[in-house]
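Residues per chain are reported as follows:
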Amino acid sequence: MSYATTMVGALLFLLLLAAAPPAASFAPLSTTRRLSTATSSTLQMSTKTTAGGGRPTMPSHSPATSLPNKIYNWRGYDIRYQVTGPSDAEHTLLLIHGLFVNSDHWRKTLTGLHALNDNEEEGSSSSDNEKSKKKKIRIYAIDLLGSGWSSKPSRDDPNAQLVSGENGRFVNCNSICYREANNTGRQQGVLRRPQKIRSSSTLQNIPLGTAAGGHRLASLLDLRHPLGSPYNFYTWAEQITDFIHDVVHYQPDTDSNDDEDGEKKVESKNNKKVTLVANSIGTMSSLQSILDEPNLFNGCFIINPNFRELHMAEVPMSSLTMPLVRQIQSLLRNNGHGLFASLAKPNTVMEILKEPYAVVDAVDEELVQVLLDPLLTVGADDVVFDTLSYSAGPLPEQQLSSNAYPKETCPTWVVYGKDDPWTPSKRVENLKNIGRADIDGYGESTVERIVGLEGVGHCPHDESPEVVNRLILEFLDRLEKDK
């Protein structure tokens, strides 16, 4: 059964029976880890606190990684992030999570690559990966706006509307880009960040793939969120690029005590390029950030891209089915909160998370806690239903085939689990046939390498972290060849 069929069926089932299908909507969130008795008591304690009427609050350190939870103030909102690795590392990674999860989704990437830094510092060279152990890596993982412990403003809040990445992006629209309105793209009068170039909000005859590995042209591709919501890929793309400017490219000046940590942030003299690592729908946010500011990046490592089969360009017979889907989406936004609360229970979430994974043992109580607790915070259910109504926006093939995609300076690899029920393997493999558009048609693929993993599902970085971490290191080795 295809992802589209499953999701449409789930929405219909929810409408008719008010039962479990929203659970299906959580499935793309999933990630996993081995069960440990230490996490069991933590989960039960967290659950009791929530059941007693309180709401979970962000801990000082992540239970999944033991890293401090840091806050980046972005356009007036709090953004949680984690970071590990030396500031003078040769490589900088930024990990972008998928739908409804958060930076703890990357627990095994953060801890696994962090261990390499520790081994390098200790001078260990006893394994076959001696070359990789000598590689110093700084790794950031961020909670996108509306996800994890980041702020979750109401869609219609005036301030939230102002930060939307769709503002100032499309023709025939009077909205103003946040950077232009607040002059945040300039420093000491110098333009540090590129100005947006307005384009059409509707594209025509865009090449897309099929679940069977074929090709088709989408006659119409609407890029704007149908609700005008700030929870869209353009917002998250701008959050990614701003985070690089404001956090990654700024280093502490220990001779000053101007900020809350006793350190003054100063612009680094060596603004190293960043390697993006994205999972699921984090793919679209990442690819869009590359299209927006290609000079910030030296590579993109995609893990199980999501093709958004509820997008209006993906739904079969959309002229007939989309009106029904829109009606169900509206019912969920208006009446689904009680159902959301009834499903947001540890045991239910654990079963939901097992669905997209081939390695079901990877789903443990620690995972449930770090994914569920932020979903119990104020506004999280509204963001979930709002995002489920996002049947528009960019798609991977459309972004990769853009003539602005910087293939030469930003190599792209794709890794996926062959047993992922949500992402058709043949469509992923077909990305090797997606090239940039030019006057002669489409050129060579912008995807340099595609790797399929046997026995792995939707989140290989959590189901088979050793293999994925090794592939990330191979990707970094490949990027070094361009230096």
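Residues numbered from 1 in each chain as written. Predicted model: local features only at pLDDT ≥ 70, side-chain atom pairs only at ≥ 80, totals over all residues. Heavy atoms only, no water.

1. A look at the nonpolar core
One recurring pattern in soluble globular proteins is that nonpolar side chains are buried together. Note the following rule: Grouping buried Ala, Val, Leu, Ile, Met, Phe, Trp, Tyr and Cys residues that are joined through side-chain atoms within 4.5 Å yields what is termed a nonpolar core. Using a 1.4 Å probe on the protein chains alone, a residue whose accessible area is under 20% of its type maximum counts as buried, one over 50% counts as exposed, and one in between counts as partly exposed. Helix numbers and strand numbers start at the N terminus; a helix is a DSSP run of H or I with at least 4 residues, a strand a run of E with at least 2. Contact between two residues is taken to exist if any of their heavy atoms lie within 4.5 Å; hydrogens are not considered.
Judged by nonpolar contacts, the single largest core of 72 residues is most densely connected at Leu94, Phe243 and Phe297. In terms of residue count, the dominant contributor to this core is helix H8 (residues 233-248) (7 residues). Beyond its immediate sequence surroundings of up to four residues, Phe243 is in contact with Tyr72, Tyr81, Leu94, Tyr140, Ile142 and Val248. Counting residues in hydrophobic clusters, the runner-up holds 25 residues, among them Leu95, Leu116, Leu473 and Leu476.

2. Some points on the pairing of strand E14 (residues 297-305)
For a regular strand, side chains alternate in direction, first toward one face of the sheet and then toward the other. Formally: When DSSP finds at least two bridges between two strands, those strands are taken to pair. When the strands point away from the viewer and the connection leading from the first strand across the helix to the second strand turns clockwise, the crossover is called right-handed.
Of all 9 residues in E14, 9 are buried; the element is thus mostly enclosed. Pairing of strand E13 (residues 274-280) with E14, which is carried by 7 bridges, proceeds in the parallel orientation. Paired with Ala278 across the strands is Ile302, a residue of E14. Viewed along the sheet, the connection from E13 through helix H9 (residues 282-292) into E14 turns out right-handed. Strand direction decides the pairing type here: E14 and strand E15 (residues 412-417), joined by 4 bridges, are parallel. The partner of Ile302 across the bridge, within E15, is Val414.

3. Things to note about the pattern of salt bridges
Note the threshold: We define a salt bridge as a side-chain nitrogen of Lys or Arg found within 4 Å of a carboxyl oxygen belonging to Asp or Glu.
Here the structure, examined in full by the defined rule, presents 24 salt bridges. With its nearest N and O atoms 2.9 Å apart, the salt bridge here joins Glu238 to Arg75. Highlighted residues: Glu238 in helix H8 and Arg75 in the loop between strand E1 (70-74) and strand E2 (77-84), separated in sequence by 163 residues. Across the salt bridge formed by Asp143 and Arg80, the nearest N and O atoms sit 2.7 Å from each other. One end of the pair, Asp143, is in the loop between strand E4 (137-142) and helix H6 (158-163); the other, Arg80, is in strand E2, with 63 residues separating them in the sequence.

4. Describing the side chain of Asp364
Just so we agree on the cut-off: Polar contacts, as counted here, are pairs of nitrogen or oxygen atoms within 3.5 Å of one another; within protein the pair requires one atom able to donate a hydrogen and one able to accept it, and residues that are adjacent in sequence qualify only if both atoms are side-chain atoms.
Here Asp364 shows up in the loop between helix H12 (346-354) and helix H13 (365-375). A polar atom in the side chain of Asp364 sits 2.8 Å from the backbone nitrogen of Leu367.

5. Re empty space enclosed by the protein
As a reminder, the rule being used: The definitions used throughout rest on a 1 Å grid laid over the protein atoms alone, on which a cavity is an enclosed set of points accommodating a 1.4 Å probe that cannot get out and a pocket is an open set flanked by protein within 12 Å on both sides along at least five of seven lines; lining residues are those having an atom within 4 Å of a point. Grid points are joined across faces, edges and corners, and a volume is the space filled by probe spheres set on the points. Each residue receives one of three labels: charged for Asp, Glu, Lys and Arg, nonpolar for Ala, Val, Leu, Ile, Met, Phe, Trp, Tyr, Cys and Pro, and polar for the others, Gly being one of them.
One pass over the structure, following the stated rule, counts 4 cavities of 30 Å³ or more. For the second largest cavity, the calculated volume is near 160 Å³. Residue lining of the second largest cavity: 23 residues in total, with His97, Gly98, Leu99, Phe100 and Ser147 positioned closest to the centre. Those elements that place two or more of their residues in the lining of the second largest cavity are H8, H9, H13 and helix H14 (380-388). Of the residues forming the lining of the second largest cavity, the biggest block, 4 residues, is contributed by H14. For the lining of the second largest cavity, the class distribution of residues is 13 nonpolar, 9 polar and 1 charged.

6. What about the packing of H8 against H9?
As a reminder of what qualifies: Only C-alpha atoms enter the line fits that serve as axes; for helices the fit covers just the stretch in contact. Angles between N-to-C directions range over 0 to 180 degrees. With the far helix as reference, a near helix turned anticlockwise by less than a right angle produces a left-handed crossing, and one turned clockwise produces a right-handed crossing.
Put simply, H8 and H9 touch, their axes get as near as 8 Å, and they point 65° apart. Read as a crossing pair, H8 and H9 show a hand that is right-handed. Counted together, Phe233, Tyr234, Trp236, Ala237, Glu238, Ile240 and Thr241 of H8 and Met284, Ser285, Ser286, Gln288, Ser289 and Asp292 of H9 form the full contact between these two elements. Here the residues of the contact of H8 with H9 are counted per class, giving 6 nonpolar, 5 polar and 2 charged.

7. What about the sheet that holds E15?
Read across the open sheet, the 8 strands follow the order E1-E2-E4-E3-E13-E14-E15-E18; overall the sheet is mixed. The open sheet has two free edges, formed respectively by E1 and strand E18 (449-453), since each of these has just one partner strand. The mean angle between the axes of side-by-side strands here comes to 25°, regardless of whether they run parallel or antiparallel. Note that E2 and E4 share 4 bridges and pair antiparallel. Of the residues in E4, the one forming a bridge with Tyr81 is Ile142. Packed onto the sheet, H9 meets strand E3 (91-96), E13 and E14 and runs at close to 150° relative to E13.

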